[in-house]
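Structural description and commentary
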Amino acid sequence: AKTTATTTRQPTNSITMALRMVYDKAMGFAARQYQAVLGNQLSQYGLRYEDLLIEEEAPVKEALELADPEVLTARTRRLKRAIDLSYKRKSLQDYAPNMQLDTFKSELMPDIDKIRARDHEYAQLNAHHKM
């Protein structure tokens, strides 16, 4: 009976691995397409991906409090510019056609990741207090 269970599991694992590989390729392709579309839309207004983060979330709020003043000033200027362009129904390319944008530049995400990891570790260390 043991050999039957082992032989029936082997093909199931192969099928599962094959499906996983197909799924990963499909998701990778979809993610790249979505990133390209999102990057195009963000560049129309001169925004970065990090500008879309919700400031009320605790890790984002803390990371913004710890960020350099230059990062905050640049973020505020990008958001104000995007609001202005949206109101005027214009694109940034209409005003600055040669401007190079780094849409997915990451200035806050490393700090946000560290804050989330710290909070997760703290929650795990204090899990025994939740009774």
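Heads up: the structure comes first, above all this text.
Broken down by element type, the protein carries five helices and zero strands. Partitioning the intrachain contacts of the protein with sequence separation of at least 6 by distance along the chain shows that 75% fall at a separation of at least 24. Accessible area for the protein stands at about 10,500 Å²; split by element, carbon and sulfur atoms hold 58% of it.

Bringing unusual backbone geometry into the picture now. Even without glycine at this site, Arg89 takes up a positive phi of about 55°. Tracing the sequence through the fold places Arg89 in the loop between helix H3 (69-88) and helix H4 (92-95).

Turning next to the pattern of salt bridges. As enumerated under the stated definition, the model contains nine salt bridges in all. Its salt-bridge partner being Glu55, residue Arg75 comes within 3.0 Å of it at the nearest N-O pair. Separated by 20 residues along the polypeptide, Arg75 in helix H3 and Glu55 in the loop between helix H1 (2-45) and helix H2 (58-66) bring together distant segments of the chain. Owing to a relative accessible area of 4%, Arg75 belongs among the buried residues under this scheme. Residues Glu57 and Arg116 are paired through a salt bridge, measuring 3.5 Å at the closest nitrogen-oxygen approach. Linking Glu57 in the loop between H1 and H2 with Arg116 in helix H5 (residues 109-125), this pair joins segments that are 59 residues apart in sequence. For Arg116, a relative accessible area of 39% translates into the label partly exposed.

Attention shifts here to H2. For H2, the full list of buried residues reads Pro59, Val60, Ala63 and Leu64. Axial view of H2: buried residues confined to an arc of 135°, hence all on one face. In H2, the exposed positions angled more than 90 degrees off the buried face are occupied by Ala58, Glu65 and Leu66. Where H2 is buried, its residues contact H3 and H5.

By size, the foremost hydrophobic cluster in this structure holds eight residues: Val60, Ala63, Leu64, Ala67, Val71, Leu108, Ile112 and Ile115. Contributions of two or more residues to this core are made by H2 and H5. The element best represented in this core is H2, accounting for three residues.

Using the criterion set out here, one finds one aromatic pair in the structure. Between the aromatic rings of Tyr49 and Phe104, the centroid separation amounts to 6.1 Å while the plane-to-plane angle is 35°, which identifies the pairing as tilted. Taken together, the residues Tyr49 in the loop between H1 and H2 and Phe104 in the loop between H4 and H5 connect sequence positions 55 residues apart. Residue Tyr49 is classed as partly exposed on the basis of its relative accessible area of 40%. The exposure class assigned to Phe104 is partly exposed, which follows from its relative accessible area of 36%.

Let us look at the side chain of Glu50. Counting through the fold element by element, Glu50 comes out in the loop between H1 and H2. In this structure Glu50 is buried but unpaired, with Arg48 as the nearest side chain of opposite charge at 5.7 Å. In contact with Glu50, not counting residues within four places along its chain, are Arg75, Lys105, Ser106, Glu107, Leu108 and Met109.

Analysis parameters
Residues numbered from 1 in each chain as written. Predicted model: local features only at pLDDT ≥ 70, side-chain atom pairs only at ≥ 80, totals over all residues. Heavy atoms only, no water. Helix = DSSP H or I, 4+ residues; strand = E, 2+ residues; numbered from the N terminus. Contact = heavy atoms within 4.5 Å. Areas by Shrake-Rupley, 256 points an atom, 1.4 Å probe, with all protein chains shown as cover. Salt bridge = Lys/Arg side-chain N within 4 Å of Asp/Glu carboxyl O. Buried < 20%, exposed > 50% of the residue type's maximum accessible area, 1.4 Å probe, protein only. Arc of directions from axis to C-beta. Core = buried A, V, L, I, M, F, W, Y, C linked by side-chain atoms within 4.5 Å. Phe/Tyr/Trp six-rings, centres within 6.5 Å; stacked < 30°, edge-to-face > 60°. Lys, Arg positive; Asp, Glu negative; His and termini not counted.

These results come straight from atomic positions and should not be treated as a statement about function.
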